[in-house]
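Each chain, letter by letter, is given below.
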Amino acid sequence: LAVAQVAQFRRDGFLFLRGLFSAAEVSALRRDALRFARPGAAHKFDERDGSAVRVAHAPHWRSRLFSRLGRHPRLVEPARKLLGREVYLHQLKINYKAAFNGGSWAWHQDFAMWHRQDGMPRPAAVAAALFLDDVTSTNGPMMLIPGSHRSGRLGAERKERSRPLLTLPDRVVERLARGGGIHAPTGPAGSVVLFHPNMAHASGSNLTPWGRIVAFVVLNGVDNAIRRPTRPDWLALRDFSPIEPLADDCLRRGRRAC
Ligand code: SIN
Ligand code: MN
């Protein structure tokens with residue numbers, strides 16, 4: 001990352017890296033992502049009406065490509081640079097946001113859950129959202145409130161019928177959005193949004209015929225490892241050893257050992 005990009009991340013709480021991964025890299029990951037969406041696959045949540053898969057967790061346990069993605073230098077190096085320390089993988093998941101049936105995500109801060117449910121001490125982590133489909137203004141893009149991370153951890157409430165469970169009250173979102181506006185990064189598959197654990201974010205449902213698969217890779221500082229996990233290990237990973245980034249071409253077809 002350039003100095004200006006680091007400054008932008010500190011100011012806005014996110015950074016959009018358009019086309020960071022190639023079409024070939026993305027199509028291989030996407031093919032694997034579809035394997036974890038099958039009925040009966042482990043570690044997944046379906047949409048409430050059962051019409052489609054919503055999230056698949058820990059795909060790196062079952063896919064060599066996703067395990068490489070979790071150690072990819074194009075994600076690990078920016079995270080190390082932004083955090084100024086070694087990182088480990090806190091969470092890896094795939095959000096499918098299926099065509100016609102992909103449901104919404106209520107406004108929340110990820111750190112609310114990581115702190116309360118996993119015992120993560122500080123918001124010293126970075127999330128990378130990698131688009132495995134083109135994300136447009138219509139297929140349920142993630143919405144962010146620029147600068148909202150600077151307000152720290154805000155009051156979270158438990159809305160029983162929404163996933164995530166700890167959501168931001170409407171009046172908090174209203175106040176934040178009055179200050180920062182709302183931005184929805186869109187772009188081709190392969191693009192990445194890096195964002196802060198206290199970034200206020202949400203997304204609407206997908207009523208279009210185009211799916212919106214996005215993989216989330218969460219890298220946490222090794223000195224900020226979770227202390228009191230209450231969730232299963234596939235939701236809050238337990239390998240706290242520092243990641244040694246792989247070679248830049250590790251997702252290329254036919255690349256055997258990295
Ligand atoms: C999330 O906050 O984990 C999901 C947001 C999205 O997929 O739009
Ligand atoms: Mn989130």
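Here goes a summary of the coordinates provided. (Residues numbered from 1 in each chain as written. Chains lettered and ligands numbered in written order. Predicted model: local features only at pLDDT ≥ 70, side-chain atom pairs only at ≥ 80, totals over all residues. Heavy atoms only, no water.)

Overview of the pairing of strand 10 (residues 192-195)
- Of the two faces of strand 10, the one carrying V192 and L194 and the one carrying V193 and F195 are both buried.
- Where strand 1 (residues 14-17) lies against strand 10, four bridges are found, and the strand directions are antiparallel. Directly across from F16, in strand 10, lies its bridge partner V193.
- Where strand 6 (residues 125-131) lies against strand 10, four bridges are found, and the strand directions are antiparallel. Bridged to A128 within strand 10 is L194. (Buried < 20%, exposed > 50% of the residue type's maximum accessible area, 1.4 Å probe, protein only. Helix = DSSP H or I, 4+ residues; strand = E, 2+ residues; numbered from the N terminus. Pairing = 2+ DSSP bridges.)

Some words on the nonpolar core
- Core analysis: the largest hydrophobic core is formed by 41 residues, its most contacted members being F66, L69, L132, L194 and L219.
- Looking at this core element by element, the count peaks at five residues for helix 4 (residues 73-83).
- The contact partners of L132, leaving out residues within four places of it in the chain, are V26, L29, R30, A33, F66, A189, I213, V214 and A215.
- Counting residues in each nonpolar core, the second largest holds 24 residues, with M113, M120, A125 and V193 among its members. (Core = buried A, V, L, I, M, F, W, Y, C linked by side-chain atoms within 4.5 Å. Contact = heavy atoms within 4.5 Å.)

Focus: the sheet that holds strand 7 (residues 142-144)
- Pairing is antiparallel across the open sheet formed by three strands, whose spatial order is 5-11-7. At either margin of the open sheet sits one strand with a lone partner, and together these are strand 5 (105-108) and strand 7. Sheet twist, expressed as the average angle between the axes of neighbouring strands with direction ignored, equals 20 degrees.
- Pairing of strand 5 with strand 11 (residues 201-203), which is carried by two bridges, proceeds in the antiparallel orientation. The residue of strand 11 that forms the bridge with W105 is S203. (Axes fitted to C-alpha atoms, helices over the stretch in contact; angles between N-to-C directions.)

Here we look at the packing of aromatic side chains
- Tallying each qualifying case throughout the model produces five aromatic pairs.
- With a centroid separation of 6.0 Å and an interplanar angle of 40 degrees, the aromatic rings of F16 and F131 are classed as tilted. You can see F16 sitting in strand 1 and its partner F131 sitting in strand 6, a full 115 residues away along the chain.
- Ring centres of F36 and F66 lie 6.4 Å apart, and the angle between their planes is 70 degrees; on these two criteria the pair is classed as edge-to-face. (Phe/Tyr/Trp six-rings, centres within 6.5 Å; stacked < 30°, edge-to-face > 60°.)

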